[in-house]
Amino acid sequence: MQSIQRPWGEDDPIVEQLRNGQFDEHRSVALMAYLVESSQKNSTFIDCGAFAGLYSLFAASIRSDCFVIAVEPSAVTFGRLVQNIQLNE
């Protein structure tokens, strides 16, 4: 996985956790799936601090009836979010 490096560190803290084997992917995906699948029809998901958009893309991919809003204040990470949205249509 590529990451943009800046003098102050990683653009996305999850990337560092992935590299170090600290990110519990199974638990995170299970939690995301529960939140998305248990929501009401035509719900709106707001992903504040979306980083690269993992949750937003996950929600949009399994619930086409829902509206997903991803908000990321960091300019560097926002670029990664936009790139991921474009790549995943």
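Definitions and limits used
- Residue positions are counted from 1 within each chain, in the order its sequence is given.
- Residue-level local features of this predicted model are given only where pLDDT is at least 70; pairs of side-chain atoms are given and counted only at 80 or more, and the full residue set underlies all totals for whole chains, interfaces and linings.
- In computing side-chain values, all of the structure's heavy atoms are included and hydrogens and water are not.
- Each axis is a line fitted through C-alpha atoms, and for a helix only the stretch in contact is used; angles between axes span 0 to 180 degrees, taken between their N-to-C directions.
- Counting from the N terminus, the helices are DSSP H or I runs at least four residues long and the strands are E runs at least two residues long.
- Each angle receives one of four descriptions, namely roughly parallel if under 35 degrees, roughly antiparallel if over 145, roughly perpendicular if within 65 to 115, and oblique otherwise.
- Whether a crossing is left-handed or right-handed is set by the direction in which the near helix is turned from the far one by less than a right angle, anticlockwise for left-handed and clockwise for right-handed.
- Whether two residues touch is decided by their heavy atoms; if any such pair falls within 4.5 Å, the residues are in contact.
- Each residue is assigned to one of three groups, with Ala, Val, Leu, Ile, Met, Phe, Trp, Tyr, Cys and Pro labelled nonpolar, Asp, Glu, Lys and Arg labelled charged, and all others, Gly among them, labelled polar.
- Classification of residues uses two cut-offs on accessible area relative to the type maximum, computed with a 1.4 Å probe and protein chains only: under 20% is buried, over 50% is exposed, and between them is partly exposed.
- A pair of strands is labelled paired if DSSP reports no fewer than 2 bridges between them.
- In the sections that follow, a salt bridge refers to a side-chain nitrogen of Lys or Arg positioned within 4 Å of a carboxyl oxygen of Asp or Glu.
- Classification of ring pairs uses Phe, Tyr and Trp, with its six-membered ring standing for Trp, and accepts pairs whose centres are within 6.5 Å; under 30 degrees between planes counts as stacked, over 60 as edge-to-face, and the remaining range as tilted.
- Patches were defined on residues exceeding 30% relative accessible area and lacking a salt bridge, with like-charge contacts within 9 Å and nonpolar side-chain contacts (Val, Leu, Ile, Met, Phe, Trp, Tyr) within 5 Å.
- Method for areas: the Shrake-Rupley scheme with a 1.4 Å probe, in which residue coverage is limited to the protein chains shown.

## Description of the packing of helix α2 (residues 25-37) against helix α3 (residues 54-62)
Piece 1. Between α2 and α3, whose axes approach to 10 Å, the crossing angle comes to 50°. Taken together, α2 and α3 sit at an angle that is classed as oblique. Remark: the crossing between α2 and α3 carries right-handed chirality. Across from Val29, Met32, Ala33, Leu35, Val36 and Glu37 in α2, the residues of α3 making contact are Leu54, Tyr55, Phe58, Ala59 and Ile62.
Piece 2. Of the residues that constitute the contact of α2 with α3, the class distribution is 10 nonpolar, no polar and one charged.

## Re the pairing of strand β3 (residues 44-48)
Piece 1. The alternating pattern of β3 places Phe45 and Asp47 on a buried face, while none of Thr44, Ile46 and Cys48, on the opposite face, is buried.
Piece 2. In this sheet, strand β4 (residues 67-71) lies alongside β3 in parallel orientation, the contact comprising five bridges. For Phe45, the partnering residue across the bridge sits in β4 and is Val68.

## Side note on the pattern of salt bridges
Piece 1. Inspection of every chain in the model, using the stated rule, returns one salt bridge.
Piece 2. Across the salt bridge formed by Asp65 and Arg63, the nearest N and O atoms sit 2.8 Å from each other.
Piece 3. Under the relative-accessibility criterion, Asp65 is labelled partly exposed at 27%.
Piece 4. A relative accessible area of 13% means that Arg63 is categorised as buried.

## Some words on the packing of aromatic side chains
Piece 1. Within this structure, the stated rule accounts for one aromatic pair.
Piece 2. A ring pair is formed by Phe45 and Tyr55, whose centres lie 6.2 Å apart and whose planes are at 80°; its orientation type is edge-to-face. Of the two residues, Phe45 sits in strand β3 while Tyr55 sits in helix α3, which places them 10 residues apart along the sequence.

## Some words on a nonpolar patch on the surface
Piece 1. A surface patch of nonpolar side chains, amounting to about 370 Å² of accessible area, comprises Ile46, Phe67, Ile69 and Val71.
Piece 2. Looking at the nonpolar patch, the element that brings in the most residues is β4, giving three residues.
Piece 3. Residue placement: Ile46 occurs in strand β3.
Piece 4. Judged by relative accessible area, Ile46 falls into the exposed class, the value being 55%.

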